[in-house]
Amino acid sequence: MIIAPSVLNANFLNLEADIKAAEKGGADWIHLDIMDGNFVPNISFGPGIAQQIRKCTKLPLDCHLMIERPELHIAAFAKAGVEYITVHAEATKHLDRLLNQIKELGCKAGVAINPATSLDSITDILDLADMVLIMSVNPGFGGQSFIPYSLDKVKRLRAMKPDLQIEIDGGINLKTLPQARDAGVNIFVIGSAIFSAKNIEQETKNYRNIV
Ligand code: DX5
Ligand code: ZN
């Protein structure tokens, strides 16, 4: 079971301290949400900040690209030193090629789907992906409510491939995490629930204790 706090809602004026607190609390990975204002309505940060984050933690960086034409940017994120690069199936025309290119850059390749996207869009490439990310909110913002039907998608995916790494992202809190875990998720992205807490280290521990 992997806990991947997302820094999207962290304090960017004090990012290093926030990341170290999550690390001390038992975070396994740090999740980086990259948004371009096109694929999603919001803009976050790019490879330059990812590179800075790389310098302040040894934890694997889990880079979630919510951008159009991700093929133009994967090399920059690989160079920044991230371990996982996850692209949205909806954002590229050539998903097979893109997953192979991510691996050629020396990274693990993940594929994400939005709540309204069917599992059918990724079933043929499951053996190519190191991880599948099921979005449990419409991507773009932290702090949204968990969409319950995503659990059914997780269950069907888990039945299809018992050894698959399945990540869930959006609206994960102390109530929804156990539901996602029981449906078959093994990687939990937790954004505002951890970084909006007064004590980030303690809150990370609370999640560590329930997975
Ligand atoms: C949403 C992002 C998430 C977000 C999660 O578009 O992909 O990673 O940071 O935040 P919470 O946990 O607050 O829903
Ligand atoms: Zn994310």
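Right above here is the structure, for reference.
Presented here is an overview of the structure given in this document. Just so you know, these numbers come straight off a predicted model, no measurement behind them.

What counts and what doesn't
- Residues numbered from 1 in each chain as written.
- Chains lettered and ligands numbered in written order.
- Predicted model: local features only at pLDDT ≥ 70, side-chain atom pairs only at ≥ 80, totals over all residues.
- Heavy atoms only, no water.
- Pairing = 2+ DSSP bridges.
- Helix = DSSP H or I, 4+ residues; strand = E, 2+ residues; numbered from the N terminus.
- Axes fitted to C-alpha atoms, helices over the stretch in contact; angles between N-to-C directions.
- Salt bridge = Lys/Arg side-chain N within 4 Å of Asp/Glu carboxyl O.
- Buried < 20%, exposed > 50% of the residue type's maximum accessible area, 1.4 Å probe, protein only.
- Donors = N, O, S within 2.8 Å, 3.2 Å for Na, K, Ca; no water.
- Tetrahedral: all angles 85-135°; square planar, octahedral: opposite > 155°, others 65-115°.
- Phe/Tyr/Trp six-rings, centres within 6.5 Å; stacked < 30°, edge-to-face > 60°.
- Near = heavy atom within 4 Å.
- Polar contact = N/O pair within 3.5 Å; in protein donor to acceptor, adjacent residues only side chain to side chain.
- Areas by Shrake-Rupley, 256 points an atom, 1.4 Å probe, with all protein chains shown as cover.

### Observations regarding the sheet that holds strand E2 (residues 30–35)
Here is step 1 of the chain: Taken in spatial order, the eight strands make up an open sheet running E1-E8-E7-E6-E5-E4-E3-E2, and their pairing is parallel. With partners counted over all chains shown, the strands left at the sheet margins are strand E1 (2–5) and E2, one partner each. The average undirected angle you get between the axes of adjacent strands in this sheet is 25°.
Here is step 2 of the chain: Bridge analysis of strand E6 (residues 131–135) against strand E7 (residues 166–169) gives four bridges, and the strand direction is parallel. Looking at E7, one finds that Met135 is bridged to Asp169.

### Some points on the pattern of salt bridges
Here is step 1 of the chain: Counting across every chain of the model gives eight salt bridges.
Here is step 2 of the chain: A salt bridge links Asp28 to Arg208; its shortest N-O distance comes to 2.7 Å. Of this pair, Asp28 sits in the loop between helix H1 (15–24) and E2 while Arg208 sits in helix H9 (residues 200–210), and the two are 180 residues apart along the sequence.
Here is step 3 of the chain: For Asp28, a relative accessible area of 24% translates into the label partly exposed.
Here is step 4 of the chain: Exposure remark for Arg208: the relative accessible area of 26% places this residue in the partly exposed category.

### Regarding the coordination of the zinc ion (ligand 2)
Here is step 1 of the chain: Within the protein, the atoms that donate to the zinc ion (ligand 2) are His31 (NE2), Asp33 (OD), His64 (ND1) and Asp169 (OD), at distances of 2.0 to 2.3 Å.
Here is step 2 of the chain: One can describe the donor arrangement at the zinc ion (ligand 2) as octahedral, given that its six donor atoms subtend angles of 67 to 166° at the metal.
Here is step 3 of the chain: Here the donor residues of the zinc ion (ligand 2) share one chain and are spaced in sequence as H-x1-D-x30-H-x104-D. Taken together, the residues span a long stretch of sequence, with Asp33 in strand E2 and Asp169 in strand E7 at a distance of 136 residues. Both residues of the pair, Asp33 and Asp169, belong to the buried class.

### Observations concerning the packing of aromatic side chains
Here is step 1 of the chain: Under the definition given, this model contains two aromatic pairs.
Here is step 2 of the chain: Ring plane angle 50° and centroid distance 5.6 Å describe the contact between Phe12 and Phe45, whose orientation is recorded as tilted. With a gap of 33 residues between them, Phe12 in the loop between E1 and H1 and Phe45 in the loop between E2 and helix H2 (47–56) connect regions that are remote in the sequence.
Here is step 3 of the chain: By relative accessible area, Phe12 is classed as partly exposed at 36%.

### Focus on the site of ligand 1
Here is step 1 of the chain: Of all residues adjacent to ligand 1, which total 20 residues, the nearest are Asp33, Gly140, Gly143, Asp169 and Ser192.
Here is step 2 of the chain: Contact distances for ligand 1 include 2.7 Å between an oxygen atom and a backbone N or O atom of Gly143.
Here is step 3 of the chain: Between ligand 1 and the protein, one listed contact pairs an oxygen atom with a side-chain N or O atom of Ser192 at 2.5 Å.
Here is step 4 of the chain: A total of 380 Å² of accessible area belongs to ligand 1 in isolation, and the protein chains cover 99% of it.
Here is step 5 of the chain: Elements with a contribution of two residues or more to the shell around ligand 1: E2, strand E3 (61–66) and strand E8 (187–190).
Here is step 6 of the chain: Sort the elements by how many residues they give to the shell around ligand 1 and E2 lands first, with three residues.

Spatial relationships are all this shows, so hold off on functional conclusions.
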